[in-house]
Amino acid sequence: MFETDVLEVPQSARTGSLPAESSVRTLLHDVHERYRDLQEGAVADYIPVLAEADPDLFAVSLAEAAGPMHTAGDTSALFTIQSISKAFVLALVTDAIGHESVHEIVGVNNTGLPFNSVIALELNNGSPMNPMVNAGAIATTALMPGRDGAAKFEAIQEGLSAFAGRPLRIDETVLESESASNHRNRGIADLLTSYDRLRIPAEDALDAYTRQCSLLVTSDDLAVMGATLAAGGVNPRTGRRVVSAEVCRDTLAILASCGMYELSGEWMFEIGLPAKSGVSGGIVAVAPGKGAVGVFSPPLDRAGNSVRGLRTCAYLSRALGLNLFASPSP
Ligand code: GLN
């Protein structure tokens, strides 16, 4: 169960808009103060180089769909986007080939199992259950338009940069570390091939996927990327349309059911927002029409979600009235 400060923060009913900019800024500062000394969770180490992350790093950013940006903490810290890329690659692929074609290859239901589960794929006859676990994400990456793996990754890098509103580059050290240790993902990609779910060589799909996970972002980038989904596909930093409003809706629906892995139900129960996390410690939580929160803090819970990130999102969801399921009493 998630530990959240349920009783300490007033549970606001969902609001139609964010409060005034000054109170959002104050709240961000407060939440950063509140959780900066929280010492829970453990930094991921199954990708060797991630074990070197500084557990004290903690950054919170909130990008409003209307443009303003609010920040607190180590917002200049760069970290690899990891699984959060899955959300935005899904959006790009859905925009390019359409809702139906994506749905033919990957499902939309939670596996109830860890993100790198092999058995989840086997139990579903080789059809990935959803695009937020590794099997579904590798299959989704392979659907990106492009003549080969390299061209697909190039389109993904460009698309993720459009979501962030600035060019994103690869962390070569993380890429090398993960490429040398991702035997499990290799097994998953080969299994997808054995079930005839990949139209390109498993090695190429895996390489493009590992590269997308190695793109460097800041908490500000995550907030802007999320705010683009919150603003019907138009990036509030650049004013550029990245994907259609329908694609944002589809993507957020999948994040709501599958974004936080096997703890997605608990996340929805406590926080009530579509969100995605990654093993390097990032979380993006999206409040449709309002904006998005980007948090970074490396120590993780057992499912791979940032502990400070989780508490921060719970606090902000309550304090800002973001929970999608809350309504004011008449
Ligand atoms: N690159 C990581 C992997 O495939 C991403 C996992 C994650 O962030 N949960 O294992």
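Because the structure is predicted, anything quoted here is derived from the model rather than measured.

Some thoughts on the packing of helix 6 (residues 149-164) against helix 10 (residues 219-230)
Phase 1 of the analysis: The interhelical angle for the contact between helix 6 and helix 10, taken along N-to-C directions, is 90°, at an axis separation of 7 Å. Taken together, helix 6 and helix 10 sit at an angle that is classed as roughly perpendicular. Contacts between helix 6 and helix 10 involve Leu160, Phe163 and Ala164 on the former and, on the latter, Asp221, Val224, Met225, Thr228 and Leu229.
Phase 2 of the analysis: Of the residues that constitute the contact of helix 6 with helix 10, the class distribution is six nonpolar, one polar and one charged.

Examining the packing of aromatic side chains
Phase 1 of the analysis: Counting across every chain of the model gives five aromatic pairs.
Phase 2 of the analysis: Measuring from centroid to centroid gives 6.1 Å for tyrosine 46 and phenylalanine 115, while their planes differ by 50°, and the two rings are tilted. Taken as a pair, tyrosine 46 in the loop between helix 1 (21-35) and strand 1 (59-64) and phenylalanine 115 in the loop between helix 3 (99-105) and helix 4 (119-123) lie far apart in primary sequence, 69 residues in all.
Phase 3 of the analysis: Among the residues examined, tyrosine 46 registers a relative accessible area of 40% and is labelled partly exposed.
Phase 4 of the analysis: Between the aromatic rings of phenylalanine 79 and phenylalanine 296, the centroid separation amounts to 3.9 Å while the plane-to-plane angle is 5°, which identifies the pairing as stacked. Taken together, the residues span a long stretch of sequence, with phenylalanine 79 in strand 3 (residues 79-80) and phenylalanine 296 in strand 7 (residues 291-296) at a distance of 217 residues.
Phase 5 of the analysis: Residue classification places phenylalanine 79 among the buried positions, given a relative accessible area of 5%.
Phase 6 of the analysis: A connected cluster of aromatic rings, assembled from ring pairs, spans Tyr46, Phe115 and Tyr261.

Considerations on the pairing of strand 1
Phase 1 of the analysis: Across the six residues that make up strand 1, a large majority, six, are buried.
Phase 2 of the analysis: Burial of strand 1 is two-sided: the residues Ala59, Ser61 and Ala63 facing one way and the residues Val60, Leu62 and Glu64 facing the other way are all buried.
Phase 3 of the analysis: In this structure, strand 1 lies alongside strand 2 (residues 69-73), joined through five bridges in antiparallel fashion. Bridge pairing in strand 2 links alanine 63 to methionine 69.
Phase 4 of the analysis: A loop of four residues connects strand 1 with strand 2, the two strands running antiparallel in sequence, and glycine 67 in this loop sits at a positive phi of about 125°.
Phase 5 of the analysis: Of the strand pairs in this sheet, strand 1 and strand 7 are connected by six bridges, and their pairing is antiparallel. Bridge assignment links alanine 59 to a residue of strand 7, and that residue is phenylalanine 296.

Quick notes on the UniProt feature "binding site: substrate" (unreviewed entry) in the chain
Phase 1 of the analysis: The positions that UniProt labels "binding site: substrate" (unreviewed entry) are, in the present scheme, Ser83, Asn134, Glu178, Asn185, Tyr209, Tyr261 and Val279.
Phase 2 of the analysis: Of note, glutamate 178 is situated in helix 7 (residues 172-179).
Phase 3 of the analysis: Those residues in contact with glutamate 178, other than ones at most four positions away along the chain, are Ile47, Gln82, Asn185, Thr210 and Cys213.
Phase 4 of the analysis: Assignment of secondary structure puts tyrosine 261 in the loop between helix 11 (245-258) and helix 12 (264-270).
Phase 5 of the analysis: When sequence neighbours within four positions are dropped, the list of residues in contact with tyrosine 261 reads Ser83, Asn110, Phe115, Met132, Lys276, Ser277, Gly278, Ala303, Gly304 and Asn305.

Quick word on the site of the ligand
Phase 1 of the analysis: For the ligand, the full set of nearby residues is Tyr46, Gln82, Ser83, Phe115, Asn134, Glu178, Asn185, Tyr209, Cys213, Tyr261, Gly278 and Val279.
Phase 2 of the analysis: With respect to the ligand, the side chain of tyrosine 261 contributes an N or O atom lying 2.7 Å from a nitrogen atom.
Phase 3 of the analysis: Considered on its own, the ligand offers 300 Å² of accessible surface; in the complex 99% of this is hidden by protein.
Phase 4 of the analysis: Residue composition of the shell around the ligand, grouped by class: six nonpolar, five polar and one charged.

Concerning the state of the cysteines
Phase 1 of the analysis: Inspection of every chain in the model, using the stated rule, returns zero disulfides.
Phase 2 of the analysis: Cysteine 213 takes part in no disulfide bond, and the closest cysteine sulfur, belonging to cysteine 258, lies 17 Å away.
Phase 3 of the analysis: Owing to a relative accessible area of 1%, cysteine 213 belongs among the buried residues under this scheme.
Phase 4 of the analysis: Of all cysteine sulfurs in the structure, the one in cysteine 258 sits closest to cysteine 313, which takes part in no disulfide; the separation is 18 Å.

Some remarks on helix 11
Phase 1 of the analysis: The terminal C-alpha atoms of helix 11, which comprises 14 residues, lie 20 Å apart, in line with the 20 Å expected from a rise of 1.5 Å per residue.
Phase 2 of the analysis: Elements in contact with the buried residues of helix 11: helix 2 (84-97), helix 3, helix 10, helix 12, strand 5 (275-277) and strand 6 (282-287).

Quick word on the packing of helix 2 against helix 10
Phase 1 of the analysis: The interhelical angle for the contact between helix 2 and helix 10, taken along N-to-C directions, is 35°, at an axis separation of 12 Å. The handedness of the crossing between helix 2 and helix 10 comes out as left-handed. The residues of helix 10 that touch helix 2, namely those facing Ile84, Phe88 and Ala91, are Leu222, Met225, Gly226 and Leu229.
Phase 2 of the analysis: Partitioning the contact of helix 2 with helix 10 into residue classes produces six nonpolar, one polar and no charged.

Focus: helix 7
Phase 1 of the analysis: Burial in helix 7 covers these residues: Val174, Leu175, Ser177 and Glu178. In a view along the axis of helix 7, the buried residues occupy a sector of 165°, so they form one face of it. Pointing more than 90 degrees away from the buried face of helix 7 are the exposed residues Glu172 and Glu176.
Phase 2 of the analysis: Buried residues in helix 7 make contact with strand 3, helix 8 (183-194) and helix 9 (202-213).
Phase 3 of the analysis: One side-chain oxygen at the N-terminal end of helix 7 lies 3.0 Å from the backbone nitrogen of threonine 173; it belongs to aspartate 171.

Calculation notes
Residues numbered from 1 in each chain as written. Predicted model: local features only at pLDDT ≥ 70, side-chain atom pairs only at ≥ 80, totals over all residues. Heavy atoms only, no water. Axes fitted to C-alpha atoms, helices over the stretch in contact; angles between N-to-C directions. Helix = DSSP H or I, 4+ residues; strand = E, 2+ residues; numbered from the N terminus. Parallel < 35°, antiparallel > 145°, perpendicular 65-115°, else oblique. Contact = heavy atoms within 4.5 Å. Nonpolar A, V, L, I, M, F, W, Y, C, P; charged D, E, K, R; others polar. Phe/Tyr/Trp six-rings, centres within 6.5 Å; stacked < 30°, edge-to-face > 60°. Buried < 20%, exposed > 50% of the residue type's maximum accessible area, 1.4 Å probe, protein only. Pairing = 2+ DSSP bridges. UniProt positions renumbered as here; feature names shortened; annotations may be inferred. Near = heavy atom within 4 Å. Polar contact = N/O pair within 3.5 Å; in protein donor to acceptor, adjacent residues only side chain to side chain. Areas by Shrake-Rupley, 256 points an atom, 1.4 Å probe, with all protein chains shown as cover. Disulfide = S-S within 2.5 Å. Expected span 1.5 Å × (residues − 1). Left-handed = near helix turned anticlockwise from the far one by under 90°. Arc of directions from axis to C-beta.

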